[in-house]
Every structure is written in structure tokens, then in C-alpha cells.
Amino acid sequence: MVLAKSKKNEGLGNTLMNDRFGKGKGSDHKKTSAVMRTNHTTGEQYLVNDKKDAAWVKMRSVTEQGALDEFLATAELAGTDFTAEKINNVKIIHTDQKNPYLLSATEERAVLGKHRQHRNRLTVPRRPHWDASTTPQELDIREREALVQWRRGLAELQENNDLLMTPFERNIEVWRQLWRVIERSDLIVQIVDARNPLLFRSEDLESYVKAVDPKKENLLLINKADMMTTKQRKLWGKHLREAGIAYKFFSAQLAKELNEAREDEEYSTDEEEEAGPSSKQAEQGEAENEGEEDDAAEAEEGESSEKKSEEDEDTQILTVEELEEIFLKYAPADRESDHKLQVGLVGYPNVGKSSTINALIGAKKVSVSSTPGKTKHFQTIHLSERVILCDCPGLVFPNFATTKADLVTQGVLPIDQMREHSGPVGLVTQRIPQPFLEAIYGIKIHTRPVEEGGTGTPTAEELLRAYATARGFQTQGLGQPDEARASRYILKDYVNGKLLFVHPPPGVEDAKEFNAELYDEAHLPERRRAALVAATEALTLGGDEESLASEFIALPQGPKSKRLDKNFFTPKNIHGHVSMPFNYKYTEQGSTVGNTKVLSGRKARTAIALENGIDPKDVQIGSSKKHFKGGARDGKGRKTRRGAVNLED
């Protein structure tokens, strides 16, 4: 029997209403959980929850929001209501081969034109004027107001002109570190990445340094210059020289290798000293015999090096000693004798600022990490008796960008946190030639033919599918190539310089011609280079062999790739083995003994039955232990099975 429903029970709807209005048990802490709102258009009143978060949740940094989240947050701050309307005139555009996350050539030219038009509005926040009479509280208020005004100006610039900007620094404490470094330094060095120097350079920062003190100097240090060819350094040097920008080329990686080589030489000389004086005397005698020949050679090399230094002064990559001498050239003229030159180092995260300091001091004083923002406070390091280095935390200055995909490829946005990978990988396929991608990864990219609508350039999906298949990356459950995982590997290779692309300076339109020298076999890893040479030698080639420098072929698979392909393409739990033809048991059955062919099975029973005039079912062949009826005796009186006949009789 069904029990009667208790009158004390409440339904779900009543429970929700009581909770909303703060009625019922435990309602003391819920009286303010609902806020009454009024729709000013219709006069209708409704309730919304008053969300209360913890203090640490409210203090979380928000650097990026989606369009819907930004709209809802703005509406909540303004305390206004809104109504969503259904849009019926929706038009679906078929993009096919076009990547919706990238710009066409025409769109990119238009965006770059807007960047040039509003570039003078890209500023860095200025520290308000202060003196000895200013209290810390007053200075703090002024600094916060200046930062708010600066952020408001950048927001208006971005919204009113439909421009995309880099995610610049919003924490006032980091900007305070920069202000202190500028105030105490005689020379401000901006460290930029050689692959795109103008993206990482802040033009307004140089103006701010001069505004603080006209005696202060600026220097643009182009790090990772070893990734550029001599031709590229000449073109970039020409552009910077014409623009009036003081610059120098440097490579922290080369400086680190040079320091390690010197340490190895010192270690080897120490071992030679322990070996004894006899070997030194022999070496000294040989050196005296070769001294006269070396003097003449050094004289010739000296003349050629002077000419070369005059020609390549603007394009050479400085060593650590040369860089320190360049710093001293910017020392103030009216400095005191005991004054040490203070050099402030400023730059984006991951441009190699800490690596440059490590190379300068020759020992690891600053920890280096690939995580942006490793250095949190500026550090003072005594480089020598004449130079002091001030390391500023990594700062992302406001700058214009074409797409978010471009920011990922430049290392500004973290790769592990990206939500969309087809755009950045699409830029990689547009910039890096397909033969070089195939050669460096040992894969074959299958592209859509031009007659079927292809563009001749691999799409992001085609590259990712080929890479994931070759490496055995699969999605769980479906077993499809894991393109998201493959994209992280490819993009990290691009950011780290394994896949090289240098942006040309303004005035050079053909980027492919500008980077043509980067895609020969010399820029391949040693293992891939050996495989390419072996594959090239195995071919019968006609024509000039010099043309092979830029024309690649698909490399043969190694044992690891073959094993991965075999495991990937072999069906699971299916093991078929064919050791003989399909009709073998009907044509080649049995074995031949002498010239007589021994029959077996059904054919033998049929033959015996025809010879003896009996039913084939009664014929028994072989030494089967099954029971049989009756028996018979042969000519010698031995008992035989019924129907058993010797085929040789």
C-alpha cells in the first residue's frame, strides 16, 4: 500500500525559492544571498545571487578574457541589465583551405598600416615626480594613479581602433623595479631576440630613459645573433643604423661555449704542468723553430683582419671582453675616478637576459629557466672593478601584434597553455619550407594537390597528422593521430630555434628569399644530415650537384620509425600466417614414396571401396584405435581390420 505524502515535505521548487529568499532552517547566513534587480524596460523585478569570493580569489591576475566573459564582467561592474536577442541572419562562410586564425596578405598589410599609424601611442608608465619631502604614502598613491591612467589609455587605443596588443605587464610592483633600475643606471641595455628585434624593442622606453636624465644612454643588444646569417645581419644592421639606433650583435650561447673551451684549456695546461719540465722543453724547442714562419703569417693575417674589421664592424658577433669594452664607451664623461659604470639590463622573458649575464660573469650567478618571469627582483652583480650589472625582472612591454598565433610562435604566450594550435602551426608551415620540415623530422607530408584545391603549402592539419603518425601519438579511445600533442613539440622546436625563421627588416618584402640560406643541409641536426647524405649518394643524379643544397628528398626510415609504424599499423589480436597456397590440400596432398603416390583421407577410402566393391563408410584407414566390426584374416592367418587393404598389393 502506498503511504500518504507527508504535508511537511517540500518540493524542489519550494526549496529553491526558500533558499533564494532566505527562509527556512539556517537562513541567518543566507539573508543577503539574493539581490533584487529591476528590468528598466519592462519594470519586471527578478533576483540574482550576490557572489562572495575569498580575498585570494579576488586578487588573482586576469590578463585575458573571452568576449562573453568580458561583456558579463563589464555589465556586472556597471550594474546594468541586458537582453539577449536571437540573430536570424547568420551566414556560414566556407573556409576550406584558409586558416580562420590567420590573416590573409591583404588583411596583414592593412593591420601593419594601422600599427605604423598608432605606434607613437605605445608608451610605458612613467614614475610620478617625487623629492625628499614626498612621503611613501603619497608616492604610492601617485604611482597607482599613474598606472591606472596608463592602462586606461592603452585600453582606449585597443578598443577604438580594433587593434591586438601583447599581454603587457599589469603589476605595479614589477614596474617599480624598472623605475629603480633606470634611475640608478648609466646605461640601459635592451636585450632582444635576433629573430624579430622590433617586436621585443620598446621605443618609448628609450625616450623615458632620456627624460629621466639626458646623460643616460641606450643600447640595443641583439642576442641569439648566431641564428642569423651574415647577409641577414648586414640588412638588419643597415636598417638600425639608418634609424639612428645604437645596437650590437651578441650570442650568449657562443659566449658560453667559449667560456667552457677556456676552462678545458686551463684544465689541460694544469695537467701538462704536473707531467714534468722535460716535455715543456721539447715543446719550447719546436716552438722556436716555427716562430719565424708564424711571424710572417701573423703579419699577413693582421693586414687582412684590419680590413675585415672595418667592413664587418657593424655585423660581427661580440665576445664577452668586447661587450664589456662597449659598455665602458658609454660611461659618463664627467664621472669621478672611483665611479663604477652601472648597466641596467632590461628585456622580455625568454630573450636570454639571464643567459647573457651568466656569459658575462663566466659563472652561474643568476638561475636560468625557460619559465617566463623567473627573475622577480632586480639584482646587482659586480662584473668587474669598473662595471656593475643591474638585472631587471623580465617585462612584457605593450606592443602591437597581428594575431595571437604569432605571439605563440614568438614565445610571448606560453605554448603549454594555448587553447588553439592550428593557427601557430599554420604559421610554421607558411614560414618553413616543406622539404626542410620533411628532412628535419624524417617524415613525408601528404598535401592536397593543386588541381584539387590545394595551395601548394602544407596545412597545419597535414603537418600535425604526419608528425603524430610517425611518432605514434594517438588520442585515447578513438586511436586518431594526436595533433594537439604533436603541435606542442613542433612549436617548441620553433621557439627554441630548431626550426629557424628570421623576420626581415622593414623594406624587405620577400621573407622567403631573406631566409633561403637557413634551409640547407648545414642547418640540419647531425643525425639527419648523415641520413640525407647517404640517401643523396644512393641516387643517380643528373645536372649540377650544387642545386641539392636547397632541394631535399624524403629521408629513409630508421629502425625506430619502422618499429613505430609496424606497431601502429598492425591490427590488434589478428595474427594470420599463410604457409602454403589456398588449393594446396586439393592438389599437392600427401607425399611421394618412390614412384608411387600414397593417397590418404577421403580419396583413399573411395579408391579402396571401388577396388573391393564395398561401401566407403566401412573403410578404415590407418592405425585408428576406434572399434570396428568383425574381422578378417590375411593369407598368413593374421587378423586384419575389416576393409583395411594394402595399397601396394
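Cut-offs and rules
- Residues numbered from 1 in each chain as written.
- Predicted model: local features only at pLDDT ≥ 70, side-chain atom pairs only at ≥ 80, totals over all residues.
- Heavy atoms only, no water.
- UniProt positions renumbered as here; feature names shortened; annotations may be inferred.
- Buried < 20%, exposed > 50% of the residue type's maximum accessible area, 1.4 Å probe, protein only.
- Helix = DSSP H or I, 4+ residues; strand = E, 2+ residues; numbered from the N terminus.
- Right-handed = clockwise from strand over helix to strand, strands pointing away.
- Patch = residues over 30% accessible without salt bridge, like charges linked within 9 Å, V, L, I, M, F, W, Y side chains within 5 Å.
- Areas by Shrake-Rupley, 256 points an atom, 1.4 Å probe, with all protein chains shown as cover.
- Salt bridge = Lys/Arg side-chain N within 4 Å of Asp/Glu carboxyl O.
- Lys, Arg positive; Asp, Glu negative; His and termini not counted.
- Charge placed at Lys NZ, Arg CZ, Asp CG, Glu CD.
- Contact = heavy atoms within 4.5 Å.
- pLDDT = per-residue confidence, 0-100.
- 1 Å grid on protein atoms, 1.4 Å probe; cavity = no way out; pocket = protein on both sides within 12 Å on 5 of 7 lines; lining within 4 Å.
- Points joined across faces, edges and corners; volume = space filled by probe spheres on them.
- Nonpolar A, V, L, I, M, F, W, Y, C, P; charged D, E, K, R; others polar.
- Core = buried A, V, L, I, M, F, W, Y, C linked by side-chain atoms within 4.5 Å.
- Pairing = 2+ DSSP bridges.
- Axes fitted to C-alpha atoms, helices over the stretch in contact; angles between N-to-C directions.
- Parallel < 35°, antiparallel > 145°, perpendicular 65-115°, else oblique.
- Left-handed = near helix turned anticlockwise from the far one by under 90°.
- Polar contact = N/O pair within 3.5 Å; in protein donor to acceptor, adjacent residues only side chain to side chain.

- An unreviewed UniProt entry lists the chain under the name Gtp-binding, hsr-1 related, with Trichoderma arundinaceum as the source organism.
- Turning to the chain, the UniProt annotation filed under Subcellular location (unreviewed entry) states: "Cytoplasm".

### Structural notes on the pairing of strand 5 (residues 217-223)
Thought 1: For strand 5, the buried fraction is high: six of the seven residues fall into the buried class.
Thought 2: With helix 9 (residues 230-242) bridging strand 5 and its parallel neighbour strand 6 (residues 247-250), the resulting β-α-β unit is right-handed.

### What to know about a positive patch on the surface
Thought 1: Side chains of K498, R527, K560 and R563 sit close together on the surface and give a patch of like positive charge.
Thought 2: For R527, the location among the structural elements is in helix 20 (residues 526-537).

### Regarding helix 8 (residues 203-212)
Thought 1: Residues of helix 8 that are buried include every one of D204, L205, E206, Y208 and V209, and no others.
Thought 2: On its buried side, helix 8 packs onto helix 6 (172-184), strand 4 (187-193), strand 5 and strand 8 (341-347).

### Remarks on the confidence of the model for the chain
Atom-level detail of predicted coordinates should not be read off regions where pLDDT is low.
Thought 1: When pLDDT is averaged along the chain, the result is 76; 64% of the residues meet or exceed 70.
Thought 2: Confidence scores differ between elements of the chain, with strand 12 (residues 592-593) showing the lowest mean pLDDT of 46 and strand 5 the highest of 95.
Thought 3: The low-confidence segment residues 27-32 (pLDDT under 50) makes five contacts with residues lying over four places distant or belonging to another chain.
Thought 4: With pLDDT under 50 throughout, residues 626-630 is counted as low confidence; its partners more than four residues away or in other chains account for three contacts.

### Here's the deal with empty space enclosed by the protein
Thought 1: On inspection of all chains with the given rule, the structure shows two cavities of 30 Å³ or more.
Thought 2: A volume near 80 Å³ is recorded for the largest cavity.
Thought 3: For the largest cavity, the full set of lining residues is D193, R195, N196, F200, T409, Q410, Y494, V495, F501 and H503.
Thought 4: A per-class count over the lining of the largest cavity returns four nonpolar, four polar and two charged.

### Considerations on the environment of E313
Thought 1: Among the structural elements, E313 can be located in the loop between helix 11 (277-311) and strand 7 (317-318).
Thought 2: With 65 residues separating them in the primary sequence, E313 and K248 have C-alpha atoms 9.5 Å apart.

### Notes on the nonpolar core
Thought 1: By size, the foremost hydrophobic cluster in this structure holds 106 residues, and its most contacted members are F327 and L499.
Thought 2: Sequence-distant contacts of F327, defined by excluding residues within four places in its chain, comprise L187, V189, L219, L341, V343, L360 and L389.

### Here's the deal with the sheet that holds strand 8
Thought 1: If you walk across this open sheet you meet the seven strands as 7-6-5-4-8-10-9, and the pairing is mixed. The open sheet has two edge strands, strand 7 and strand 9 (379-382), and neither has a second partner.
Thought 2: Contacts from helix 6 reach strand 4, strand 8, strand 9 and strand 10 (387-391) within the one sheet, and its direction differs from that of strand 8 by about 150°.
Thought 3: Across the sheet, helix 9 is in contact with strand 5, strand 6 and strand 7; its angle to strand 6 comes to roughly 160°.

### Looking at the packing of helix 6 against helix 8
Thought 1: Relative orientation of the contacting elements helix 6 and helix 8 amounts to 55°, with a least axis distance of 10 Å. Between helix 6 and helix 8, the crossing angle belongs to the class labelled oblique. For helix 6 against helix 8, the interelement crossing comes out right-handed. Residues L178, W179 and I182 of helix 6 form the contact with helix 8, whose participating residues are L205, Y208, V209 and V212.
Thought 2: Among the residues making up the contact of helix 6 with helix 8, the classes are represented as seven nonpolar, no polar and no charged.

### Description of the environment of T134
Thought 1: For T134, the location among the structural elements is in the loop between helix 4 (105-117) and helix 5 (136-160).
Thought 2: Dropping the residues within four chain positions of it, T134 is found in contact with L139 and R142.
Thought 3: Within polar-contact distance, the side chain of T134 engages the side chain of D131 at 2.9 Å.

### Re the pairing of strand 10
Thought 1: For strand 10, the tally of buried residues reaches five of five residues, placing the bulk of the element in the interior.
Thought 2: Neither face of strand 10 is exposed, since V387, L389 and D391 on one face and I388 and C390 on the opposite face are all buried.
Thought 3: In this sheet, strand 10 lies alongside strand 9 in antiparallel orientation, the contact comprising four bridges. Bridge pairing in strand 10 places Q379 opposite D391.
Thought 4: Counting the residues that bridge the hairpin from strand 9 to strand 10 gives four residues.

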